[in-house]
Amino acid sequence: NAGVTQTPKFRILKIGQSMTLQCAQDMNHNYMYWYRQDPGMGLKLIYYSVGAGITDKGEVPNGYNVSRSTTEDFPLRLELAAPSQTSVYFCASSYPGREREQFFGPGTRLTVL
Amino acid sequence: GQQVMQIPQYQHVQEGEDFTTYCNSSTTLSNIQWYKQRPGGHPVFLIQLVKSGEVKKQKRLTFQFGEAKKNSSLHITATQTTDVGTYFCAGLSGGSNYKLTFGKGTLLTVNP
């Protein structure tokens, strides 16, 4: 199993550009999550999904959108990129249930200039 | 909203010394998870604590969950250079289905 994969690894955007961060998992996990990690700030939940067609906002959803058309994929869309969105983005997945460990992807390092 | 505080933010030790990081929640937690992130890497799950007063051990690592389920600690005995990284606690409150709240983490560096 590849686990959780993310593309691209690195990206530089100009202010106002848009992009999609890709996330896929091959573990048949129902639950998927997007986090951002700023230096010294831990991980903050952007959006999560409990299954195909079901998404919900996390702690910091503004400026982002998600979709979940399949169990495997959970892309994160940035519209009108802003410098405040410079961060490392992690996708994670888990089995259903409240007491399940999360498996993280390798991350995407995004810089907005 | 729920807040999870973690101290210290940084800890530098000599190899062989012990290390402890503490996690405190503003609300009662249903469970707490611990993750380790190596420099440049991604968080990796270490353990989960669910019961009040629970203590779990993994080799040199000891994890505790407080009696009130509002605090937790991770203790590493005789640190090694392989222990370098950031240790995060993440709590799930009773009112939240799936939203883990992460602490800011403790960065551990080990001098060989």
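These numbers come from a predicted model, not from an experiment.

What counts and what doesn't
Residues numbered from 1 in each chain as written. Chains lettered and ligands numbered in written order. Predicted model: local features only at pLDDT ≥ 70, side-chain atom pairs only at ≥ 80, totals over all residues. Heavy atoms only, no water. Pairing = 2+ DSSP bridges. Helix = DSSP H or I, 4+ residues; strand = E, 2+ residues; numbered from the N terminus. Axes fitted to C-alpha atoms, helices over the stretch in contact; angles between N-to-C directions. Contact = heavy atoms within 4.5 Å. Buried area = accessible area lost by both parts, 1.4 Å probe. Salt bridge = Lys/Arg side-chain N within 4 Å of Asp/Glu carboxyl O. Polar contact = N/O pair within 3.5 Å; in protein donor to acceptor, adjacent residues only side chain to side chain. Buried < 20%, exposed > 50% of the residue type's maximum accessible area, 1.4 Å probe, protein only. Core = buried A, V, L, I, M, F, W, Y, C linked by side-chain atoms within 4.5 Å.

S.K.: So, the sheet that holds strand β8 (residues 76-78) of chain A: which residues are in play, and what are the values?
M.R.: Residues and elements named next belong to chain A. Strands sit in the order β1-β3-β8-β7 across an open sheet of four strands; the sheet is antiparallel. One side of each edge strand has no neighbouring strand; the edge strands of this open sheet are β1 (4-7) and β7 (64-66). When the angles between neighbouring strand axes are averaged without regard to direction, this sheet yields 20°. Bridge count between strand β3 (residues 19-25) and β8: three bridges; the pairing is antiparallel. What sits directly across from Leu21, in β8, is Leu76.

S.K.: Tell me about the interface of chain A and chain B, and please be specific about residues and values.
M.R.: Counting from both sides, the interface comprises 22 residues of chain A and, opposite them, 24 residues of chain B. Contact between chain A and chain B buries roughly 1900 Å² in total, counting both sides, with carbon and sulfur atoms accounting for 56%. Remark: the boundary between chain A and chain B carries zero salt bridges. Linking chain A with chain B are three residue pairs in polar contact (both at pLDDT 80 or more), by the criterion used here. Elements with a minimum of two residues in the side of chain A that touches chain B: β4 (31-37) and β5 (43-51) of chain A.

S.K.: Hey, could you go over the side chain of Gln37 of chain A for me, with residue numbers and the actual values?
M.R.: Residue position: Gln37 of chain A is located in strand β4. The class of Gln37 of chain A is buried, set by a relative accessible area of 13%. Non-local contacts of Gln37 of chain A, meaning those with residues more than four positions away in its chain, are made with Gly42, Leu43, Ser87, Val88 and Phe90 of chain A together with Gln37 and Phe88 of chain B.

S.K.: Go over unusual backbone geometry, please, and point to the residues and values.
M.R.: With an omega of -5°, the peptide bond between Thr7 of chain A and Pro8 of chain A qualifies as cis. Within the secondary structure layout, Pro8 of chain A lies in the loop between β1 and β2 (10-13). In this model, Ile7 of chain B is joined to Pro8 of chain B through a cis peptide bond whose omega is -5°. As for its placement among the helices and strands, Pro8 of chain B is situated in the loop between β1 (4-7) and β2 (10-14). With a phi close to 50°, Leu80 of chain A is a non-glycine residue in the positive phi region. Mapping Leu80 of chain A onto the fold places it in the loop between β8 and β9 (87-94). Looking at Leu80 of chain A, the relative accessible area reads 65%, which means it is exposed. Its identity is not glycine, yet Lys69 of chain B carries a phi of approximately 55°, on the positive side. Inspection of the secondary structure assignment puts Lys69 of chain B in the loop between β7 (61-65) and β8 (71-76).

S.K.: Describe the nonpolar core, and please don't skip the residues or the numbers.
M.R.: Of all hydrophobic cores here, the largest spans 20 residues; its most connected members are Trp34, Leu76 and Tyr89 of chain A. Counting residues per element, the ones that place at least two in this core are β3, β4, β5, β7, β8, β9 and β11 (108-112) of chain A. Among the elements that line this core, the one with the most residues is β3 of chain A, at three residues. Core analysis: the second largest hydrophobic core is formed by 19 residues, Val4, Val13, Leu29 and Leu49 of chain B among them.

These figures come from the coordinates and say nothing about function on their own.
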